Amino acid sequence: MHISDPRIVASLAELGVELRPGTQLSQLTFLGIGGTTDLLRITKHESIPDLLNLLDANHIPHKFLGGGSNLLVRDGELPWIVLQLVPPEPDVVLEGNFAHVDAAADLGRTVTFCAKRDLGGMEGLIGVPGTVGGALRMNAGAYGMQIGSYVREVKLYRAAIRKIETLRGHQISFEYRHTSFAPDDMMLAVTLELPSKPYKQILEGIRICNEKRRSSQPLGQKSAGCIFKNPPGASAGRMIDELGLKGFSIGDARVSNRHANFFVNEGQASAKDMLKLIADVRERVERAYGMALENEVVVWNG
Ligand code: EPU
């Protein structure tokens, strides 16, 4: 989708929103898949209500992009524009054991920044790619921890009421790879409360998690992390592996040889190939195990 109306372009500039026409989403997603559209980069949270009113008044559909690490975007000319937050400088501010973090901050860098100041707890998240906002929305976790455990406050834009709001931690439910946020809520900032721990001890925790991750996940390849959520009491990766599907491919979309719940783009995979691979593997698992795997990857196919 392309914004060409000069009145809208002028209003965007007034709001301090940067317009990047013809952006290839394949450049902004870890899978390296996705078509082309206009990208709007937002520097001031306060401009969001006016921006969304402007888009709605002009019937411009939009989607909100975090770090692009858990996302599969359709091919071709996209029928919506994409909004993305630009992180402020600094994007993490500490106050005792509280870290005030912008949603656009990089998750790994945030964990490291806090660790260097003797604030731990999130060691398992160091290798999880993406933004803090993206991690928050899906309650990202690894190696026995999840970000939701540390959330004390979240600032978000609630599309349903067209307002920026602040929620306290107890008003949000965090479950396995799931939160109570509405699909059109836009994460803006979060306050985390982190336990004090000596940097050396945190580093050791990080080292152990990194080692486990390196030994079991295809880190150097284009992927969206795990494609499916684990069903209660089962491992999607193990089931796919047991069916002999490691290396199974459709076009350039392939089930990783290293971890069967990671699907990798080996070069020029299209969204179509990747979606076919996901559907095919899901069907085989359902036939063999009677379990319907739920996507963990977010799909923008509409
Ligand atoms: N397994 C296999 N074959 C495979 C993959 C796994 O047999 O191809 C077996 C492993 O040997 C192990 C079991 O399945 O006995 C579980 O594997 P793993 O420890 O890799 O954990 P997982 O359940 O597959 C989850 C998260 C990961 C997270 C790791 C570590 C989900 C869907 N995945 O993977 O998160 O990094 O635990 O905590 O919850 C992600 O969400 O994108 C992600 C990568």
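Anything mentioned here points back to the structure above.
The structure displayed is predicted, hence computed values, not measured ones.

**Here we look at the packing of aromatic side chains**
Counted under the stated rule, the structure contains three aromatic pairs. With 6.3 Å between their ring centres and 80 degrees between their planes, Phe174 and Phe181 make a pair best called edge-to-face. Residue classification places Phe174 among the buried residues on the basis of a relative accessible area of 17%. Over the ring of Phe113 we find Arg117; its NZ or CZ atom is 3.7 Å from the centre of that ring. The ring of Phe248 has Arg284 sitting right over it, with the charged end atom 4.7 Å from the ring centre.

**Description of empty space enclosed by the protein**
In total, this model carries one cavity of 30 Å³ or more according to the counting rule given. Within this model, the largest cavity holds a volume of roughly 40 Å³. Lining the largest cavity we find Val111, Cys114, Ala115, Leu119, Gly120, Gly121, Met122, Glu123, Leu194 and Ile202. Among the elements that make up the lining of the largest cavity, the one with the highest residue count is helix H3 (residues 107-116) (three residues).

**Here's the deal with the state of the cysteines**
In total, this model carries zero disulfides according to the counting rule given. The thiol of Cys209 is not disulfide-bonded; the next cysteine sulfur, from Cys226, is found 15 Å away. Assessed through its relative accessible area of 9%, Cys209 is described here as buried. For Cys226, a relative accessible area of 22% puts it in the partly exposed group.

**Re the site of the ligand**
By nearness alone, 20 residues border the ligand, and Tyr143, Tyr176, Asn230, Arg238 and Glu296 come closest of all. Within the side chain of Arg177, one N or O atom sits 2.8 Å away from an oxygen atom of the ligand. Contact between the ligand and His259: an oxygen atom at 2.9 Å from a side-chain N or O atom of the residue. With the chains in place, 73% of the 810 Å² that the ligand exposes on its own is no longer accessible. At the level of elements, strand S15 (222-226) and helix H6 (236-242) are the ones that each hand at least two residues to the shell around the ligand. If one sorts the elements of the shell around the ligand by residue count, H6 sits on top with three residues.

**Focus: helix H2 (residues 48-57)**
Along H2, the residues classified as buried are Ile48, Pro49, Leu51, Leu52, Leu54 and Leu55. His59 occupies a position one or two residues after H2 and carries a positive phi of about 55 degrees.

Reading the values: rules and limits
Residues numbered from 1 in each chain as written. Predicted model: local features only at pLDDT ≥ 70, side-chain atom pairs only at ≥ 80, totals over all residues. Heavy atoms only, no water. Phe/Tyr/Trp six-rings, centres within 6.5 Å; stacked < 30°, edge-to-face > 60°. Buried < 20%, exposed > 50% of the residue type's maximum accessible area, 1.4 Å probe, protein only. Lys NZ or Arg CZ within 6 Å of the ring centre and 35° of its normal. 1 Å grid on protein atoms, 1.4 Å probe; cavity = no way out; pocket = protein on both sides within 12 Å on 5 of 7 lines; lining within 4 Å. Points joined across faces, edges and corners; volume = space filled by probe spheres on them. Helix = DSSP H or I, 4+ residues; strand = E, 2+ residues; numbered from the N terminus. Disulfide = S-S within 2.5 Å. Near = heavy atom within 4 Å. Polar contact = N/O pair within 3.5 Å; in protein donor to acceptor, adjacent residues only side chain to side chain. Areas by Shrake-Rupley, 256 points an atom, 1.4 Å probe, with all protein chains shown as cover.

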